[in-house]
Amino acid sequence: MTEDTRKLLDGLGTTVPSVDYKRPTPNQVFEYIRDEIISMQLLPGQKISENTLAEKFSVSRTPIREALNRLSTLGFVEVRPQRGTFVTKLSMSFILEARFIRESLEVAVVNQLAENRVDSMAMECEKILADQAKAAKKKDALLFQQLDDRFHMTLADATGFKRVGGAIELEKAHMDRVRNLSLVELTGQYEHVLKQHHAILDAIMSGSPQQAVQAMRTHMRDVFNILKIAPVNHPEFFV
């Protein structure tokens, strides 16, 4: 891993929160570990210490194990009997499946919005894209990525279907591990991504489901560019 990549990943790291006893502790531990995995603070293949996490959160190992079991079900960690719990390495077949599911959902989202225009969504997306343009000008890869996520979540939320955003977020989380690993290599694509975002929004607001679907499909399939880069530059993280 290059020094530039490590600096960017360090900026994505999470801080350990104090436990909020109004919320289930396993949920908080789950969110923390998941975010550390997605941000690549916990690297593929790295061992996770239950004792260390218990000390960080000042809790017993029971909620830690519950969180790890949930992460195992979602494919983020692997529990090896007598050996411990490890962050799963990146699987190309798993990532491609997640990409397929996400594309299907994102395409359905823009089709729905093109048929049912939501003006408040358009205003929010325009603001996000303006902020993305500013981030691009500053070459702020982390902020640009965060705004990218917000753009897609704003579209999903505008459908009015409460589970859609969560489903997209779950599937894209697996892709985000690769995306975060490739931040340095992708910093030159700001204008390209912005152009695609504008095309998606314009198609939605013009009331053309066909154009919106095609614009989103084109955008979603750009991920193949990342998948060509990451395994070559970081083979130790892939199976």
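Use the structure listed above.
Please read all numbers here as calculations on a predicted model, not as lab measurements.

Draft legend 1. Up close: the sheet that holds strand S3 (residues 84-87). Strand order in this open sheet of three strands is S1-S3-S2, and the pairing throughout is antiparallel. Looking at strand neighbours, the two that pair on one side only are strand S1 (47-48) and strand S2 (77-80), the edges of this open sheet. Direction of pairing for S1 relative to S3: antiparallel, over a ladder of two bridges. Note on S3: the bridge partner recorded for Ile-48 is Thr-85. Against the sheet, helix H4 (residues 61-73) makes contact with S1, S2 and S3, and its axis sits at roughly 115 degrees relative to S2, the strand it touches most.

Draft legend 2. Representation of the packing of helix H7 (residues 141-158) against helix H8 (residues 162-181) within the structure. Closest axis-to-axis distance for the H7/H8 pair is 10 Å, and the angle between their directions is 160 degrees. In terms of orientation, H7 and H8 fall into the roughly antiparallel class. When you trace H7 past H8, the crossing you get is right-handed. Where H7 abuts H8, its residues Gln-145, Asp-148, Asp-149, Met-153 and Ala-156 lie against Val-164, Gly-165, Ile-168, Glu-169, Lys-172, Arg-179 and Asn-180. Taken together, the residues of the contact of H7 with H8 break down into four nonpolar, three polar and five charged.

Draft legend 3. Broad picture of the layout of surface pockets. Reported here for the second largest pocket is a volume of approximately 170 Å³. Surrounding the second largest pocket, Lys-47, Ile-48, Ser-49, Glu-50, Asn-51, Arg-61, Val-79, Arg-80, Pro-81, Gly-84 and Thr-85 form its lining. If you list the elements that add at least two residues to the lining of the second largest pocket, you get S1, helix H3 (50-57), S2 and S3. Broken down by class, the residue content of the lining of the second largest pocket amounts to three nonpolar, four polar and four charged.

Rules and cut-offs
- Residues numbered from 1 in each chain as written.
- Predicted model: local features only at pLDDT ≥ 70, side-chain atom pairs only at ≥ 80, totals over all residues.
- Heavy atoms only, no water.
- Pairing = 2+ DSSP bridges.
- Helix = DSSP H or I, 4+ residues; strand = E, 2+ residues; numbered from the N terminus.
- Contact = heavy atoms within 4.5 Å.
- Axes fitted to C-alpha atoms, helices over the stretch in contact; angles between N-to-C directions.
- Parallel < 35°, antiparallel > 145°, perpendicular 65-115°, else oblique.
- Left-handed = near helix turned anticlockwise from the far one by under 90°.
- Nonpolar A, V, L, I, M, F, W, Y, C, P; charged D, E, K, R; others polar.
- 1 Å grid on protein atoms, 1.4 Å probe; cavity = no way out; pocket = protein on both sides within 12 Å on 5 of 7 lines; lining within 4 Å.
- Points joined across faces, edges and corners; volume = space filled by probe spheres on them.

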